[in-house]
Every structure is written in C-alpha cells, then in structure tokens.
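Below, each chain spelled out in residue letters.
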Amino acid sequence: MIVVWLILILFVGGALAWASEALDSRLPRLTALIAMVFSLIFVVMLCLDNFPDQLSPGGQWLVLEKWSWIARFGIFLQVGVDGLSLLMLVLTVFLGLMAIGAAWHEITERPGFFYFNLLWTLAGVVGVFTALDLFLFFFFWEVMLIPMYLIIAIWGHENRAYAAMKFFVFTQVSGLILLIAIMCLAYFHFVQFGRFSFDYFELQNVVLEGRFQMLVMLGFFIGFATKLPAFPLHSWLPDAHSQAPTAGSVLLAGVLLKTGAYGLIRFAVPLFPEAAADFAPVAMTIAVIGILYCAKLAFAQTDIKRLIAYTSVSHMGFVLLGVYAWNIYGLQGALMTMLAHGLTSSALFMLAGGLQHRFHTRDMGKMSGLWAQLPMMSAMALFFSIAALGMPGLGNFIGEFLSLLGAFQANHAAAIVAALGLIFASVYSLWVIQRVFHGPYHTPNHSTDCGSEPARDDPHNHPTDLSRAELLCYSAMALGLVWMGMYPQTFLAMAEPTMSYLLASLGEVLP
Amino acid sequence: MTGEQLLLLLPLIIVTATAVITMLGVAIKRNHAVSCLLTATGLFLALLSLIIVAQYPAQEVTPLLLVDSFNEFFTALILLAALAITLFSYPYLCNLEDHQDEFYLLIAIATLGALVMVGSTHFITAFLGMETLSVCLYGMVAYPLHRESTAQYPMEASIKYLVLSAVSSGFVLFGVALLYAQTGTLHFSDISVGITQGIANGPGAEYFIVASLLVITGFAFKLSLVPFHLWTPDVYEGAPLPATAFLATIGKIAMAALLMRFMSISGVLDSAAITHVLAVMAVLSIIGGNLLALLQSNLKRLLSYSSIAHMGYLVIALITIDSAMGGANESLGSEAVSFYLTAYVIMSLGAFGVMMVVSDSGHERDHIGHYQGLFWRDPWLALVFTAMLLSLAGIPLTIGFIGKFYVFAAGVQGAEWGLLAAMVIGSGIGLFYYLRIVYRMITPLDHDDPLPVAGIRDVIPHGILLLLLAALIIPGVVPGALMTLLQSVVQAL
C-alpha cells in the first residue's frame with residue numbers, strides 16, 4: 001500500500017494546495033511543502049525498512065502489489081519497487097522538495113494552481129517509476145504531461161506558448177507510438193496465451209519474430225528516446241527548459257528526463273532482448289552523436305538556461321550509451337549518471353533562475369564579474385559546473401566513467417569517441433564560469449558604458465547573495481554529489497540486485 | 001401485434017406522445033417553461049420505460065424494428081443526450097424574441113427519428129428514421145430566422161443542410177433500390193444472404209459492391225466523412241448552439257449505430273473493395289479534419305472539423321468489426337465503436353454545453369477570443385471545458401483516452417497499421433488546436449468582457465455540466481463497468 005499512499009499524498013496534497021489558495025496566498029506553498037515532506041518520510045521509511053535485508057541475494061522486489069482494474073483487457077493496478085525504482089523515487093521526492101524551494105519566492109501569481117500542477121506532475125512521475133503494468137505505466141506517463149504543460153504555459157517566460165506546445169506535441173506523439181507498441185505486445189500475448197495482458201512479467205514471455213520485434217522495440221525506443229531526449233528527437237528540450245519557470249526546469253531536467261532512461265532500462269531492452277542487441281550499435285551511435293553535437297551546441301549558446309539544457313542532452317547521451325552497452329558497468333554507470341545529473345542540472349537551473357530573478361535576463365553577454373558581488377552564489381555555480389564536467393570525487397564522474405567503461409567492453413569505437421565529450425564538457429562549463437563570474441563587474445542594471453557612478457542605495461546594483469534557505473538547498477544537493485562521488489557503493493548496492501536480474505534474464509542473448 | 005410488443009415500443013410511444021402533448025399545450029397556451037418541462041418530462045419517462053423494456057429478451061417487433069440490448073443502450077444514450085440538450089436550450093432560448101416552444105417540439109420529433117434509426121433492421125425504418133431526424137433538423141438549424149444579431153446564417157445553413165441531406169438520401173435510396181432489385185428484400189439479414197452469395201458467386205459481385213457503396217456514401221454524408229463533409233462546418237456555424245449540439249451528438253450516434261448494425265448484419269465488410277473505400281475515407285477524414293481544424297478561430301467550425309476527424313477514428317474501429325478472432329475478443333471492433341461513440345457524445349455535449357451556458361440566442365460566444373482568460377474569470381466552466389477538450393485530444397483520466405485505447409486495440413487486432421499511423425498523426429495535429437483553446441483560456445484577458453451572471457435558471461445547465469464531467473472522468477479512471485456493459489450490448493449484433 002505504501003506506493004499507493006505515496007501517490008495519493010501527492011494527488012491530494014495538490015488538490016488541497018489549490019483549494020487553500022482561497023484562504024491565504026501563502027498557504028499553497030506550505031501545503032505543498034508538507035505533502036512533499038510526508039512523501040520524503042514515506043520514501044525514507046521504504047529505504048530503511050528494506051535495505052539491510054536486501055543486500056543479501058534474494059527477491060529483488062521490495063514491494064510488489066496487484067489489484068484488478070480493467071478486467072476486459074487484463075489490466076491490473078500493479079506496482080512494484082525494487083532498488084532501481086527506489087533510487088528514482090528518492091531522486092524524485094528530493095528534487096520535488098528542491099523545486100518547491102525554487103518556487104517559494106518566484107511564484108507569486110496564482111500559487112495554488114502552480115503547486116497543484118507541481119504535485120500532480122510528481123505524482124505522475126512516482127507512478128511511472130513504480131508501475132509494472134504497461135497500461136498503468138502509460139497512464140502515468142501521460143498524467144505527468146498536462147500539469148507540466150500548464151506549468152510552462154502559465155508561469156513560463158517570454159516565448160512560453162511555443163515552448164509549451166512543442167513540449168507537449170513531441171511527448172504526446174511519441175507517447176502514442178509507445179501506446180501502439182504496448183498494444184501490439186498485449187495483442188501478441190493474446191495470440192500466444194489466449195488473453196490480453198499488460199503485465200510486465202507476463203509480457204516478457206511473448207515471443208515476437210525478428211522484424212516485427214524490431215518494429216515494436218522501435219516504438220518503445222521512440223517513446224523513451226524523445227523523453228530522454230536522444231539526438232534527433234531532442235529539439236523540444238532547449239525550448240521547454242529555457243521557457244519554464246525555475247521549478248519547472250528543475251522538474252524537467254531532474255526528474256522527467258529520467259523517466260525516459262528508466263523506461264529504456266526497465267522495458268525497452270528486457271522486453272525485446274534480440275532486437276535490442278541488434279539495435280545497440282545504432283543506439284550507441286545516436287548516443288555519441290548526441291554527446292558531441294549537443295556539447296558543441298551548448299558552447300554556442302548565449303542564453304544561460306539554453307546552455308544548461310543542451311548540456312543535459314549531452315549528459316543524457318552517456319545514459320543511453322551505458323544502457324545499450326548492457327553490462328553491469330554500463331547499467332550502473334547509466335544509473336549513477338541519472339542520479340548525479342538530476343542533482344547537478346537542477347542546481348544549475350536553480351542558479352540560472354536565481355540570476356534571472358536578480359538581473360531579469362538570461363543573456364550571458366550582459367553579465368560578468370559577478371563573483372565580487374555574489375560570492376556564495378558564484379562559489380556554488382563553480383562547484384556544480386565542476387561536478388557537471390565530471391571532476392573525480394563527485395557523482396557525475398562515477399557515472400560517466402562507469403558508462404564509458406561499460407561501453408568500451410561493448411563497442412570500442414563508440415566509447416573512445418564519447419570520451420571526447422568529457423573534454424567538451426570542461427570547455428563549456430569553465431567558459432560559463434569565466435564569462436559570468438569573472439572579469440569586470442557588469443550587469444544589465446549597472447551599465448559601465450554611461451560612466452556615471454551608480455547610486456549606492458539602488459538595490460539592483462547590489463543584488464542580494466544567497467539567502468539561508470537557498471544555501472540549504474544547494475548544500476543538500478552538493479552533499480548528495482559528494483556522497484555519490486566518494487562512496488557510490490551505497491547507490492550501486494541498492495541497484496545491484498535489479499541490474500543483475502536484468503542482465504541474468506538476458507545474459508544468453510547479449511554479448 | 002401483441003401487448004408485449006407494444007410494451008417493447010414504449011420509448012417510441014412515449015416520445016411520440018410527448019411531441020403531441022407539447023403541441024397541444026402550445027395550442028392551448030404558449031408558455032416557454034411549460035413546453036420545456038413537458039418535453040423534458042416526456043424524454044425522462046421514455047428513459048424510465050427502458051427499465052421495463054430491458055426485462056424482455058431481444059425480439060423483433062414486426063420485421064421492421066428489433067428491440068435488443070443494442071437498441072436499448074443507444075436509445076438510452078440518445079434520450080440522455082436529448083434530455084441534456086432540452087434543458088440547455090431553456091436558458092439559451094429565453095431571450096429569443098420569437099416563439100420558443102416549437103423548438104422543443106422539433107427536439108422531440110427528431111429524437112423519435114433517431115430512436116427509430118437505432119432500432120431498425122430494415123431499410124424502410126432506417127430511411128424513415130433518417131428523414132424524420134433530418135427534416136426536424138432543418139427546422140432546428142433555421143430556428144432563429146427572424147433574429148438579426150444571433151447565429152450568423154441560420155437560413156443559409158439550413159438550406160445547405162437540406163440540399164445536401166436530400167442528395168445523400170438520394171444516394172441511399174438508389175443503393176437500396178439496387179439491393180432490392182437483386183435480392184427482392186429490404187431486410188438487412190435477407191440482404192446479407194444475397195450479398196454473401198453475390199460476392200461468392202462472382203458475376204453479381206460488382207453489382208452488390210456498387211449498391212452497398214451507394215448506401216455507405218449516403219451514410220457517410222450524414223457522418224460527414226471526407227470527401228462528403230463540405231456541409232458540416234457551415235451548418236455547425238450557422239445553426240443556433242442547441243441545434244449544433246443536437247446535430248453533433250444525436251445525429252452522429254443514430255447514424256453510426258445504424259451503420260454498425262447494417263455492416264455487422266449484412267456482411268458488406270467481407271468485400272475488400274468496400275473496406276478499402278472505408279479505409280480511404282477514414283484516413284482522409286482524420287488528416288483532413290485535423291488539418292482544417294487548425295485553421296479555425298470559430299469554435300463551432302473548429303469542433304465541426306474535429307468531429308470529422310473523430311468520425312474517422314470511429315471508422316477505423318468500424319472496419320475491424322468483423323475481423324473476428326474467436327474467444328473473448330470476437331466483438332472487440334463493435335465494442336470499440338460503441339465505446340468511442342459514448343465517449344464522443346459525452347465530450348462534445350460537454351464542450352457545446354459550456355458554450356451554451358455562456359451564450360444566449362442574442363449573443364453566441366463561439367469565437368476563440370471569447371474564452372480568453374476564462375480560467376481566471378470562471379474557473380468552474382474553464383475546468384469543464386478543459387476536461388472536455390483534453391478528452392477530445394485523448395489524454396488519460398478521461399473517457400476519451402480509453403476510447404482511443406479501444407480503437408487502437410481494435411486496429412492492432414485487425415492489423416490496420418496504416419490506419420493506426422494516420423490516427424497517431426491526426427491525434428498529434430489535434431493537440432495543436434485543442435491546446436490552443438486551453439492556452440487561450442489561461443491567458444489573462446486585458447479588457448473586460450463580462451460573462452452572463454449565473455442566475456437561478458442556470459442551476460440546471462451547471463448541474464448537467466457536473467454530471468457530464470463525472471461521466472467523463474469516472475469511466476476514464478475505472479472503465480471496467482462500461483466495458484462489461486458494452487460487451488453484453490454488442491453480443492446482440
């Protein structure tokens with residue numbers, strides 16, 4: 001029941017947050033915070049309850065529950081949590097808290113509806129990470145879309161209508177392709193076993209012949225690769241990220257992208273082992289192109305949020321690479337990259353949002369030398385940029401290193417070329433730091449061209465540094481990254497049973 | 001005719017009596033409220049009488065009408081929709097400076113026509129029903145004729161509908177005549193024998209195909225499938241909103257149910273030529289309807305093109321009706337059609353309902369700009385409208401999603417990959433215009449455009465919207481009950 005409670009808390013919390021706006025405009029954020037804290041308690045309880053036993057080999061499922069739902073099509077409300085899901089839930093709930101922190105002062109218009117959408121998106125994500133019935137999975141996959149669309153469309157920046165629409169159309173159309181692929185599987189289960197089924201475990205028994213299996217697998221791949229996003233399908237992401245409010249960007253980059261990667265690991269490969277093996281070289285090529293091409297695009301951006309968005313695509317390339325290497329290093333690497341990237345990109349988006357809040361621009365050309373005025377914020381930016389470029393000792397390094405290690409075993413060429421991505425990452429990360437935080441002090445509010453001495457008491461010229469609450473958020477994320485970098489065993493051990501199970505079930509198929 | 005058979009015709013008899021009583025009431029003393037109340041009561045009693053009718057096993061009442069669970073289900077759906085439209089019409093028509101009472105008369109008679117259509121297994125009743133429905137619709141479309149500032153071109157719309165509807169009836173009649181010439185009967189099941197023999201035995205095959213295609217063409221006119229859709233946007237735009245809603249819901253249910261019955265009994269789908277023609281019409285409707293809807297800023301026109309696309313989706317399921325595969329899924333195609341129709345009726349009624357609530361016969365709010373900022377001006381109506389639009393777009397938590405899922409299931413079962421691809425593309429395009437309306441509703445309005453204040457007489461329309469919202473969400477989350485019901489309903493076919 002614990003998973004159902006988790007989802008219900010978020011749904012009900014969202015509804016309450018909306019309702020509470022009528023009483024006081026500060027109540028919604030408080031309600032949302034309480035709901036999130038409760039979810040965090042639930043998730044932590046789930047960790048503490050299970051983990052000592054789980055390290056011993058045995059059943060990989062910590063929670064596995066099933067209720068009947070739509071009998072006509074053999075659809076069940078089936079949810080399960082294993083180490084992989086649990087890590088994703090921890091990430092989701094943690095970043096949910098961060099998103100509320102980011103929105104705390106930024107969202108002043110219609111806060112009730114905002115927190116409603118925020119919590120409903122999170123509820124959809126929690127559902128995606130726990131559903132083991134493919135219909136239920138697809139259901140939650142779509143449930144998270146509308147609230148996210150509204151977050152971008154209502155509270156977004158100047159070009160929000162376009163960005164929100166693009167986000168929605170890309171994900172919805174790829175979602176329909178995914179739905180058809182799911183229907184095909186269910187139908188072939190009917191042909192082979194005499195009844196419809198959307199059960200994850202039962203569908204693994206469906207045998208599809210060569211070309212058809214490849215087509216259905218491609219349906220899954222397109223659905224997940226759009227969300228990830230992988231190279232040719234990524235074009236919605238820079239728009240959506242740069243136009244979304246900070247909390248929206250945090251959710252998108254930190255959590256929503258991970259649902260695509262999760263789908264690949266959980267469904268796209270295990271359900272179609274042969275086709276996935278045949279497809280692996282293509283997928284790895286796509287990953288390498290994504291890593292290099294988007295790193296290059298990131299370097300060409302002047303809009304700081306667009307830049308971070310492109311780096312996201314580039315980093316998610318390592319996830320794709322690791323997944324299709326399909327060995328223990330690759331999978332663990334993909335997982336660590338997902339977790340670490342969730343924290344770094346969220347932190348960077350929050351910093352970018354902080355800069356935009358203070359200077360009303362995202363154009364890097366208009367800001368420089370901020371270190372002198374905003375030392376704490378700049379230090380944080382440096383820390384997270386360095387984490388993003390893969391400095392040993394922080395989580396991203398572990399993830400990318402393991403992905404490359406796994407990929408090298410599967411495909412030398414891809415791994416060697418992809419490793420160049422690490423160099424590009426340092427180039428664009430350090431370039432941002434140098435442009436924005438070093439050099440002569442210059443902001444759009446404080447023009448040095450006109451030569452006049454700015455008034456001392458003008459608050460715009462003395463932007464406030466991080467508040468205590470902000471500092472707390474960033475420190476928590478930084479701590480997480482250091483933990484992942486210094487003692488990744490905690491996370492690797494949690495995911496190990498799942499990964500071994502996935503590998504073992506397909507061991508004979510893939511090299 | 002025995003007493004039991006009369007009992008089985010109770011819904012038809014009650015609706016007929018309703019029309020007569022309303023007419024007599026108008027003859028004695030005109031009173032808008034009384035006429036509306038009489039019609040609504042009559043429709044409600046007809047609905048109640050279904051409880052009695054449902055007790056009896058399926059049987060033919062004369063060779064003309066078949067009263068089975070299929071008939072009963074669609075009768076219930078039509079009566080519910082007619083009841084809702086009657087109640088929506090009252091506040092809408094209140095400020096019409098003309099006689100309002102005859103509108104209810106037309107609703108009752110048109111409903112009667114629709115009920116005859118869903119019960120018919122014989123071309124005589126099918127044709128009578130179609131004409132009764134159409135003739136009343138001409139009147140309803142042209143109803144606010146004497147007003148200047150109301151719905152823009154009621155007369156033009158009515159004439160357009162009259163001419164094209166007559167042409168389509170002509171097609172149907174010609175097809176029926178050819179079928180009759182070959183088989184000597186007008187009963188669907190006897191024709192089916194002729195058709196199967198005709199197709200099997202070679203020389204007569206073309207003859208049957210042409211005849212069936214003519215009938216299907218006529219039906220496609222009424223369902224407004226591309227390329228027979230040209231009248232739809234103009235008629236939807238020109239008609240007053242209650243008439244548009246009637247045309248878009250009851251007009252489509254009755255026609256689609258009749259087509260479904262004809263196809264599953266007569267076995268015309270055994271002919272590859274006919275399936276191909278239907279498939280082409282489905283693809284054209286989906287792509288054409290969705291693309292043209294993109295260009296509209298008038299919501300009635302937009303919904304008319306979207307209805308064309310939705311009828312295209314419906315035809316996909318219709319094609320798979322007889323690709324039987326045995327076992328529990330024998331009737332997947334028919335179930336998909338029935339489910340999609342039910343979903344379509346709920347969501348279009350909801351969308352038109354919101355428009356009717358904010359409009360009246362003097363001022364129709366049918367432009368997308370009228371709904372700007374609705375989310376902040378009237379959150380309740382905006383919520384309902386958004387839910388209906390998202391359901392039309394096929395987003396989960398709504399019945400529209402389950403409907404689309406059903407059609408996908410039917411399509412996969414029939415291995416109609418090309419049609420499914422068209423449906424994915426069409427749904428993708430559809431998102432643009434549905435979301436554009438949602439986006440307008442959340443964009444704040446810079447000038448003042450006061451909505452009509454909800455008074456005491458708006459309680460009922462708002463109540464119906466609440467019911468429609470519940471009917472949209474509950475089967476969207478727990479569709480099991482409706483699926484079981486439909487499974488038993490289509491067993492009758």
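Residues numbered from 1 in each chain as written. Chains lettered and ligands numbered in written order. Predicted model: local features only at pLDDT ≥ 70, side-chain atom pairs only at ≥ 80, totals over all residues. Heavy atoms only, no water.

### A short note on the overall build of chain B
Right, so step 1: Scanning chain B for helices and strands turns up 20 helices and 2 strands.
Right, so step 2: The globule rule puts the C-alpha radius of gyration for 493 residues at 23 Å, and the 22 Å found for chain B is close to it.
Right, so step 3: Judged by the C-alpha coordinates and their principal axes, chain B covers about 70 × 55 × 40 Å.
Right, so step 4: Every one of the 493 residues in chain B was classed for burial, and the buried ones make up 64%.
Right, so step 5: Roughly 16,200 Å² of accessible area belongs to chain B as shown, and the carbon and sulfur atoms make up 70% of that amount. (Helix = DSSP H or I, 4+ residues; strand = E, 2+ residues; numbered from the N terminus. Rg over C-alpha atoms; globule rule 2.2 N^0.38 Å. Buried < 20%, exposed > 50% of the residue type's maximum accessible area, 1.4 Å probe, protein only. Areas by Shrake-Rupley, 256 points an atom, 1.4 Å probe, with all protein chains shown as cover.)

### What about the overall build of chain A?
Right, so step 1: Each helix and strand in chain A was counted, giving 19 helices and 2 strands.
Right, so step 2: For chain A, whose C-alpha radius of gyration is 22 Å, the value lies close to the compact-globule estimate of 24 Å for 511 residues.
Right, so step 3: For chain A, the spread of C-alpha atoms along the principal axes amounts to about 80 × 55 × 45 Å.
Right, so step 4: Every one of the 511 residues in chain A was classed for burial, and the buried ones make up 64%.
Right, so step 5: In chain A, 79% of the contacts between residues at least 6 apart in sequence involve partners at least 24 apart. (Contact = heavy atoms within 4.5 Å.)

### Things to note about the nonpolar core
Generally speaking, soluble globular proteins have nonpolar side chains that are buried together.
Right, so step 1: Judged by nonpolar contacts, the single largest core of 399 residues is most densely connected at Phe73, Phe220 and Tyr324 of chain A.
Right, so step 2: A total of 19 residues in this core trace back to one element, the largest contributor, which is helix H14 (residues 332-358) of chain B.
Right, so step 3: Shared between two domains, this core holds at least three residues of each, these being domain 1 (1-51 + 59-271) and domain 2 (278-449 + 460-505) of chain A.
Right, so step 4: Excluding anything up to four places from it in sequence, Tyr324 of chain A contacts Met217, Phe221, Leu264, Ala268, Val269, Ala276, Phe279, Ala280, Ala283 and Met284 of chain A. (Core = buried A, V, L, I, M, F, W, Y, C linked by side-chain atoms within 4.5 Å. Domains from an automatic or database assignment.)

### Here we look at the packing of aromatic side chains
Right, so step 1: On inspection of all chains with the given rule, the structure shows 65 aromatic pairs over all chains.
Right, so step 2: Relative to Phe135 of chain A, the ring of Trp69 of chain A has its centre 5.5 Å away and its plane inclined at 65°; by these criteria the two rings are edge-to-face. Taken as a pair, Trp69 of chain A in strand S1 (residues 63-70) and Phe135 of chain A in helix H5 (residues 134-143) lie far apart in primary sequence, 66 residues in all.
Right, so step 3: Given a relative accessible area of 12%, Trp69 of chain A falls into the buried group.
Right, so step 4: The class of Phe135 of chain A is buried, set by a relative accessible area of 2%.
Right, so step 5: Here the guanidinium or amino end of Arg72 of chain A rests over the ring plane of Phe73 of chain A, the centre of that ring lying 5.1 Å away.
Right, so step 6: The aromatic ring of Trp376 of chain B is capped on one face by Arg110 of chain A, whose charged end is 3.5 Å from the ring centroid. (Phe/Tyr/Trp six-rings, centres within 6.5 Å; stacked < 30°, edge-to-face > 60°. Lys NZ or Arg CZ within 6 Å of the ring centre and 35° of its normal.)

### What to know about the side chain of Ser427 of chain B
Right, so step 1: Tracing the backbone shows Ser427 of chain B in helix H18 (residues 417-442).
Right, so step 2: Overall, Ser427 of chain B belongs to the buried group, its relative accessible area being 4%.
Right, so step 3: Beyond its immediate sequence surroundings of up to four residues, Ser427 of chain B is in contact with Leu176 of chain A together with Asn290, Tyr313 and Lys404 of chain B.

### Looking at the pattern of salt bridges
Right, so step 1: Under the definition given, this model contains 18 salt bridges over all chains.
Right, so step 2: Put simply, Asp199 of chain A and Lys66 of chain A hold a salt bridge, and the shortest N to O gap is 3.1 Å. Here Lys66 of chain A lies in strand S1 and Asp199 of chain A lies in the loop between helix H7 (160-193) and helix H8 (200-203), a separation of 133 residues in the sequence.
Right, so step 3: Measuring nitrogen to oxygen at the nearest pair gives 3.3 Å for the salt bridge that ties Glu202 of chain A to Arg195 of chain A.
Right, so step 4: Of the residues examined, Glu202 of chain A reaches a relative accessible area of 21% and is grouped as partly exposed.
Right, so step 5: Taking relative accessible area as the criterion, Arg195 of chain A reaches 43% and is therefore assigned partly exposed.
Right, so step 6: Via salt bridges that share partners, Glu156, Lys160, Asp234, Glu237 and Arg301 of chain B belong to a single interconnected network. (Salt bridge = Lys/Arg side-chain N within 4 Å of Asp/Glu carboxyl O.)

### Let's talk about helix H16 (residues 395-410) of chain A
For an α-helix the count is 3.6 residues per turn, leaving residues at separations of three or four pointing the same way.
Right, so step 1: Across its 16 residues, H16 of chain A extends 23 Å between first and last C-alpha, which sits within 8% of the 22 Å expected from 1.5 Å per residue.
Right, so step 2: Looking only at H16 of chain A, the buried set comprises Gly395, Asn396, Ile398, Gly399, Glu400, Leu402, Ser403, Leu404, Gly406 and Ala407 of chain A. (Expected span 1.5 Å × (residues − 1).)

### Concerning helix H12 (residues 272-294) of chain B
Residues and elements named next belong to chain B.
Right, so step 1: Here H12 contains 23 residues, and its C-alpha end-to-end distance of 33 Å stays within 8% of the 33 Å for a straight helix at 1.5 Å per residue.
Right, so step 2: Here H12 has its buried residues at Ile274, Thr275, Leu278, Ala279, Met281, Ala282, Ser285, Ile286, Gly288, Gly289, Asn290 and Ala293.
Right, so step 3: Contacts from the buried residues of H12 go to helix H9 (205-223), helix H11 (241-266), helix H13 (299-319) and H18.

### Thoughts on the side chain of Ser212 of chain B
Right, so step 1: Mapped onto the fold, Ser212 of chain B is located in helix H9.
Right, so step 2: Look at Ser212 of chain B and you get buried, because its relative accessible area is 1%.

### Observations regarding the domain arrangement of chain A
Note on interface size: it is often stated as the accessible area lost on association of the parts.
Residue and element names in this part refer to chain A.
Right, so step 1: Its domain assignment divides chain A into domain 1 (1-51 + 59-271) and domain 2 (278-449 + 460-505).
Right, so step 2: Just the C-alpha atoms count here: the centres of domain 1 and domain 2 sit 22 Å apart.
Right, so step 3: With 52 residues of domain 1 in contact, the opposing surface of domain 2 contributes 46 residues.
Right, so step 4: Both faces considered, domain 1 and domain 2 share a buried interface measuring about 4,100 Å² in area, 79% of it formed by carbon and sulfur atoms. (Buried area = accessible area lost by both parts, 1.4 Å probe.)

### Side note on the pairing of strand S2 (residues 75-81) of chain A
Residue and element names in this part refer to chain A.
Right, so step 1: Of all 7 residues that make up S2, 5 are buried, and the element is covered over most of its length.
Right, so step 2: Relative to S2, S1 runs antiparallel, the two being bridged by 7 bridges. What sits directly across from Ser68, in S2, is Phe76.
Right, so step 3: In this antiparallel pair of consecutive strands, S1 and S2, the connection spans 4 residues, and Gly74 shows a positive phi of 60°. (Pairing = 2+ DSSP bridges.)

### Things to note about the packing of helix H4 (residues 111-130) of chain A against H5 of chain A
Residues and elements named next belong to chain A.
Right, so step 1: Packing of H4 against H5 leaves a shortest axis separation of 8 Å and a crossing angle of 155°. The angle between H4 and H5 falls in the class roughly antiparallel. Judged by the sense of rotation from one axis to the other, the crossing of H4 with H5 is left-handed. Contacts between H4 and H5 involve Ala123, Gly124, Gly127 and Val128 from the first element and Phe137, Phe140, Trp141 and Val143 from the second.
Right, so step 2: Of the residues that constitute the contact of H4 with H5, the class distribution is 6 nonpolar, 2 polar and no charged. (Axes fitted to C-alpha atoms, helices over the stretch in contact; angles between N-to-C directions. Parallel < 35°, antiparallel > 145°, perpendicular 65-115°, else oblique. Left-handed = near helix turned anticlockwise from the far one by under 90°. Nonpolar A, V, L, I, M, F, W, Y, C, P; charged D, E, K, R; others polar.)

### Brief notes about the environment of Pro144 of chain B
Right, so step 1: Structurally, Pro144 of chain B is set in the loop between helix H6 (123-141) and helix H7 (154-183).
Right, so step 2: Considered as a pair, Pro144 of chain B and Ile399 of chain B are 255 residues apart in the sequence and their alpha carbons are 34 Å apart.

### Overview of the interface of chain A and chain B
Right, so step 1: With 37 residues of chain A at the interface, the matching set in chain B holds 41 residues.
Right, so step 2: Interface of chain A and chain B: buried area, both sides summed, is about 3,500 Å²; carbon and sulfur atoms make up 83% of it.
Right, so step 3: Here Arg72 of chain A and Glu335 of chain B are joined by a salt bridge, their closest N and O atoms 2.7 Å apart.
Right, so step 4: The tally of links from chain A across to chain B stands at 4 residue pairs in polar contact (both at pLDDT 80 or more).
Right, so step 5: Of all the secondary-structure elements, those providing two or more residues to the side of chain A that touches chain B are S1, H4, H5, helix H6 (145-155) and H7 of chain A.
Right, so step 6: Per-element accounting of the side of chain A that touches chain B gives the leading share, 15 residues, to H7 of chain A.
Right, so step 7: The class makeup of the residues in the side of chain A that touches chain B is 32 nonpolar, 1 polar and 4 charged. (Polar contact = N/O pair within 3.5 Å; in protein donor to acceptor, adjacent residues only side chain to side chain.)

### Considerations on the environment of Val53 of chain B
Residues and elements named next belong to chain B.
Right, so step 1: As for its placement among the helices and strands, Val53 is situated in helix H3 (residues 32-53).
Right, so step 2: For the pair Val53 and Val67, spaced 14 residues apart in sequence, the C-alpha separation works out to 8.4 Å.
Right, so step 3: Val53 has contacts with Leu7, Leu8, Leu10, Pro11, Val67 and Glu72, leaving out every residue within four places of it along the chain.

### A word on the packing of helix H4 (residues 69-93) of chain B against helix H5 (residues 101-119) of chain B
Residue and element names in this part refer to chain B.
Right, so step 1: Two elements in contact, H4 and H5, have axes separated by 10 Å at closest approach and are oriented at 165°. Compared by their axis directions, H4 and H5 come out roughly antiparallel. Seen along the crossing, H4 lies across H5 with a hand that is right-handed. Between H4, through Phe70, Asn71, Phe74, Thr75, Ile78, Leu79, Ala82, Ile85, Thr86, Ser89, Tyr90 and Leu93, and H5, the contact on the second element is made entirely by Phe103, Tyr104, Ile107, Thr111, Ala114, Leu115, Val118 and Gly119.

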